[in-house]
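Each chain, written out:
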Amino acid sequence: MFAIVAQESGGHTREDRMFKRLLLTGFVVFALMFGVTPASAGPPQDAAGEWKYLPTLVDFKQAGPNLFLYGTDVGTWTGTFDGESTEDFVVVCHPKAGFSFYKGTIEFTGTVDGQEGTLTIKTNGKQESDTCDPSPAIWHGRWVIIGGTGDLADLHGNGTFTGPSLDLDYEGQIHFS
């Protein structure tokens, strides 16, 4: 009725080790076939349109001839990005050097490629001017999506913007992961 099986070193029989190997192989095959899907991103696609905004100065500081302008703006986006935004930004104006730097964080609400949600977009740029008056300025900069919610939670992208103050053109590449 009972069979006596000889123990190999380590306290396991040859049959125990063979069973464990077969069981592990079965789990690996099952996981590869049904349980594990490789990460993939959708193909990149072009993004382009217009970003119009209206800024409000919140605070400023002066350091020698340089001005630090802190503000917010509300914006309207058309094209690939279709919606509205708010932004917190700072502009550092160097009038004697003939340029200003800008960086901001945009909270966008709307649709992208028919998908609805919100996005957080980081921006930075530069304009060349010997005054701190933004009206004649032509801005050149970059944008990058750093997060999203809703249908836009898996949207990634980056690109450039250019144009006069208050009315910029944007372009770049986006993809859903």
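Residues numbered from 1 in each chain as written. Predicted model: local features only at pLDDT ≥ 70, side-chain atom pairs only at ≥ 80, totals over all residues. Heavy atoms only, no water.

Draft legend 1. Quick look at the pairing of strand β3 (residues 81-94). Within β3, 10 of the 14 residues are buried, which leaves it mostly tucked inside the rest of the structure. In this sheet, β3 lies alongside strand β2 (residues 66-79) in antiparallel orientation, the contact comprising 11 bridges. Bridging from a neighbouring strand, Tyr70 pairs with Val90 of β3. Inspection of the sheet shows β3 paired to strand β4 (residues 99-112) by 14 bridges, in the antiparallel sense. By the bridge assignment for β4, Asp88 is matched with Thr105. Remark: four residues form the turn of the hairpin made by β3 and β4, two consecutive strands paired antiparallel; Gly98 in that turn has positive phi of roughly 85°. (Buried < 20%, exposed > 50% of the residue type's maximum accessible area, 1.4 Å probe, protein only. Helix = DSSP H or I, 4+ residues; strand = E, 2+ residues; numbered from the N terminus. Pairing = 2+ DSSP bridges.)

Draft legend 2. Summary view of the packing of aromatic side chains. Across all of its chains, the model carries 13 aromatic pairs by this definition. Consider the rings of Phe81 and Trp143, whose centres lie 5.5 Å apart with planes at 85°: the pair is edge-to-face. Of this pair, Phe81 sits in strand β3 while Trp143 sits in strand β6 (residues 138-150), placing them 62 residues apart in sequence. Here Phe81 matches Trp143 in class, with each residue buried. Feature note: the residues Trp51, Tyr53, Trp77, Phe81, Phe89, Tyr102, Phe108, Trp139, Trp143, Phe161 and Tyr170 constitute an aromatic cluster, connected by ring pairs. (Phe/Tyr/Trp six-rings, centres within 6.5 Å; stacked < 30°, edge-to-face > 60°.)

Draft legend 3. How the structure looks around the sheet that holds strand β7 (residues 155-164). Here eight strands make up a closed barrel; going around it, the order is β1-β2-β3-β4-β5-β6-β7-β8 and the pairing antiparallel. In this sheet, adjacent strand axes meet at a mean angle of 25° when their direction is disregarded. (Axes fitted to C-alpha atoms, helices over the stretch in contact; angles between N-to-C directions.)

Draft legend 4. Here's a closer look at the pairing of β7. When β6 meets β7, the two strands line up antiparallel, connected through seven bridges. Note that in β7 the partner of Gly141 across the bridge is Phe161. Taking the residues between adjacent antiparallel strands as the criterion, β6 and β7 are bridged by four residues. Direction of pairing for β7 relative to strand β8 (residues 167-176): antiparallel, over a ladder of eight bridges. Paired with Leu155 across the bridge in β8 is Phe176. In sequence, β7 turns back onto β8 through a hairpin of two residues, with Leu166 there showing a positive phi of about 80°.

Purely spatial values, then, with no claim about function.
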